Amino acid sequence: MACSKLMLTFSVVCLMFVQIKSDGVPHNALQSACNVTLDPKFCISAMTTFAESWQGGSKDLGRIALKLTIVEARKVSHLLSQLSRVAVTPRQLGALQDCIQLFDLTLSDLEKSLSNVSNSNSNFLAWRQAFDVETWLSAALTNQATCLEGFQEVSGRRQISSSSNLRNVSRLLSNSLALVKNISVVGRHHNRRLLSEGGRANHKFPSWLRAADRRRLLEDDNAILADSVVTVAQDGTGNYTTINDAIRAAPNNSLDRYVIYVTEGVYEEYIEIASYKTNIMMIGDGINATVITGNRSVVDGWTTFRSATVAVVGTGFLARDITFENTAGPEKHQAVALRVGSDLSAFYRCSFLGYQDTLYVHSFRQFYRECDIYGTVDFIFGNAAVVFQSCSLLARRPMANQQNIFTAQGRSDPNQNTGISIQNCNITAAADLIAVKSSFPSYLGRPWREYSRTVYINSFIDDVVQPRGWLEWSGNQSLSTLYYGEYMNWGAGAGTAARVQWPGYHVMNIIDALNFTVGNFISADTWLNTVPFTAGLA
């Protein structure tokens, strides 16, 4: 075995990565399996260190790939911890701490994925198992990209460009995702037609929202007081005076819902709901009544990841009637109001206020209903599998010589089941932009990563959007590998005749659009007719 050393960014500490090689010729089955990955040669080199890979079936190969990735991720996680002890500047330490947290999450996702694949008693995976594993591995890949992005922000692209240790973990993750997707799946709802029948909308919430949660999301503010909740009130009349105190009191790794009622007020707090704080629900007194605010930014020394006023990681987070805000302003560049890496999370009647990078839909499955999102540059960005439904996306007035971009989607691997789906929404200008919108071009999106994927479906697009619709990130980068689509939109900015002519741009048909509905994109289980939600196409 040959070893390659890497000087990681700014430190003298080297991270070690074992480059695995084989003197033999790969078995035909392994060769065929590795052909589905982005780098078949690297896949074969890694996999052939396990003797069983020569004779293993698709499920065996998926399991081996996951084990290999876990081994390397653990090594890098340990070495990042060592590196954090010799960080030169606070900014570098912040980037390292981001990476340490992201690697912890990655290892958890990998171990859950390995358990799902290993516990199957056949050569197949049940559809739910496969869907979950694809989601977890997609999120793990996103974590690696975020880690590298943080180093680039504090150290520059040239210094981080040779970070092959971190990149090799990403390569192993990519192999794992491709090989797991190659395992046969049973029980999947193929080509479900989630069209409303007879012109009637199919109003439902996804099955992962339990009945009690659906009721809470729709009840008025007085009704929730009859439920089992804790109250946050700044005047001392509740259980707690700060949101952070209420979150600290929440049980860890809970399977039961913990409801926090946040009364009217402006809460100047930085909140992080950790991975072990699961099934938390926050309910406010309404948009602009309950406001959580902060002003961290990249210009002031934070990574984009750490600039969030509120960051949510724990699975199953729900929020209603709250404004999340970052007041740093356009001159401070990246400044996140809310970052979400919570699987199966939902936001109802919330508002997100910022300028550049307002809403960071970082990873996993997310849903937003009847929310308002304000910003300027890339103000909805990230690599979640996310649907916005009946929301308002409002471009604000940016700095001079800037242009507004509604989305910057970060899908980096063609096997990731991620993307931004915007359905039945209003795409328009905020009040401060209306009078000067001709001076600030606005676009539906641009490709942050190579396989960026964003669609607009049945939405109103105002004339704030330029006729070409979409903007390049850098030259021809990603224009043939991205997937940008539009389906049955209307309004002065919705015409597709003058849209970009990129290979990856599509005027979608009904079958294309169905792939990005709630039912097919973030959950295809049983749907319950209890609260407003369109499962398919209205």
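For the structure itself, consult the block above.
Reading the values: rules and limits
Residues numbered from 1 in each chain as written. Predicted model: local features only at pLDDT ≥ 70, side-chain atom pairs only at ≥ 80, totals over all residues. Heavy atoms only, no water. Salt bridge = Lys/Arg side-chain N within 4 Å of Asp/Glu carboxyl O. Helix = DSSP H or I, 4+ residues; strand = E, 2+ residues; numbered from the N terminus. Buried < 20%, exposed > 50% of the residue type's maximum accessible area, 1.4 Å probe, protein only. Phe/Tyr/Trp six-rings, centres within 6.5 Å; stacked < 30°, edge-to-face > 60°. Lys NZ or Arg CZ within 6 Å of the ring centre and 35° of its normal. Pairing = 2+ DSSP bridges. Axes fitted to C-alpha atoms, helices over the stretch in contact; angles between N-to-C directions. Core = buried A, V, L, I, M, F, W, Y, C linked by side-chain atoms within 4.5 Å. Contact = heavy atoms within 4.5 Å. Disulfide = S-S within 2.5 Å.

Enquirer: What exactly am I supposed to notice about the pattern of salt bridges here?
Expert: Two side chains of opposite charge can pair, provided their charged atoms sit close to one another. What the rule picks out here adds up to 20 salt bridges. With its nearest N and O atoms 2.7 Å apart, the salt bridge here joins Asp343 to Arg365. One end of the pair, Asp343, is in the loop between strand E14 (338-340) and strand E15 (345-348); the other, Arg365, is in strand E18 (residues 365-369), and 22 residues separate them in sequence. By the burial criterion, Asp343 is buried, and Arg365 matches it. Three or more residues joined by partner-sharing salt bridges are found here, namely Arg128, Asp132, Asp343 and Arg365.

Enquirer: I tried to follow the packing of aromatic side chains on my own but got confused; where do I start?
Expert: Here a ring pair, both rings aromatic, is described through the centre-centre distance and the interplanar angle of the planes. For the structure on display, the rule yields 18 aromatic pairs. Their ring planes at 75° and their centres at 5.8 Å tell us that Phe352 and Tyr368 sit as a pair that is edge-to-face. Taken together, the residues Phe352 in strand E16 (residues 351-353) and Tyr368 in strand E18 connect sequence positions 16 residues apart. For Tyr368, a relative accessible area of 0% translates into the label buried. Three or more aromatic residues joined by ring pairs form one cluster here, namely Phe317, Phe324, Phe347, Phe352, Tyr368 and Phe388. Above the face of the Phe42 ring, Arg171 is positioned so that its terminal group lies 3.8 Å from the ring centre.

Enquirer: Would you take a moment to explain the sheet that holds strand E31 (residues 483-487) for this structure?
Expert: Two modes of strand pairing occur in sheets, parallel and antiparallel, and in both the strands are linked by backbone hydrogen bonds. Taken in spatial order, the 11 strands make up an open sheet running E5-E6-E9-E12-E15-E18-E21-E25-E29-E31-E32, and their pairing is parallel. The open sheet has two free edges, formed respectively by strand E5 (229-232) and strand E32 (505-507), since each of these has just one partner strand. Neighbouring strand axes in the sheet, compared pairwise and without regard to direction, differ in orientation by 10° on average. Direction of pairing for E5 relative to strand E6 (residues 258-262): parallel, over a ladder of four bridges. Bridging across to E6, Val232 finds its partner in Val262.

Enquirer: It is not clear to me how the nonpolar core should be interpreted in this structure. Could you clarify?
Expert: Soluble globular proteins tend to pack their nonpolar side chains together in the buried interior. The biggest cluster of nonpolar side chains holds 60 residues, and the ones touching the most others in it are Phe347, Tyr368 and Phe388. When near neighbours in sequence (up to four residues on either side) are disregarded, Tyr368 contacts Val340, Phe347, Phe352, Leu359, Val361, Val386, Val387, Phe388, Gln389 and Cys391. By size, the runner-up hydrophobic cluster in this structure holds 43 residues, among which are Phe103, Ala139, Cys147 and Ile183.

Enquirer: Please explain helix H2 (residues 40-47) as it appears in this structure.
Expert: Counting along an α-helix, one turn takes 3.6 residues, and residues three or four places apart therefore face a common direction. Counting buried residues in H2 gives six out of eight residues, a clear majority hidden from the surface. Phe42, Cys43, Ile44, Ser45, Ala46 and Met47 are the residues of H2 that are buried.

Enquirer: Help me out: how do you make sense of the state of the cysteines in this one?
Expert: A covalent bond bridging the sulfur atoms of two cysteines is what the word disulfide describes. Summed over the entire model, instances satisfying the criterion amount to two disulfides. Here Cys34 engages in a disulfide with Cys43; their sulfurs sit 2.1 Å apart. Looking down the S-S bond of the Cys34 and Cys43 bridge, the torsion is -65°, so its handedness is left-handed. Comparing Cys34 with Cys43, the two get one shared label, buried. Here Cys99 connects covalently by a disulfide to Cys147, the sulfurs 1.8 Å from one another. Disulfide Cys99 to Cys147: torsion about the S-S bond roughly 105°, handedness right-handed. Placement of the pair is Cys99 in helix H4 (residues 90-118) and Cys147 in helix H5 (residues 127-155), with a sequence separation of 48 residues.

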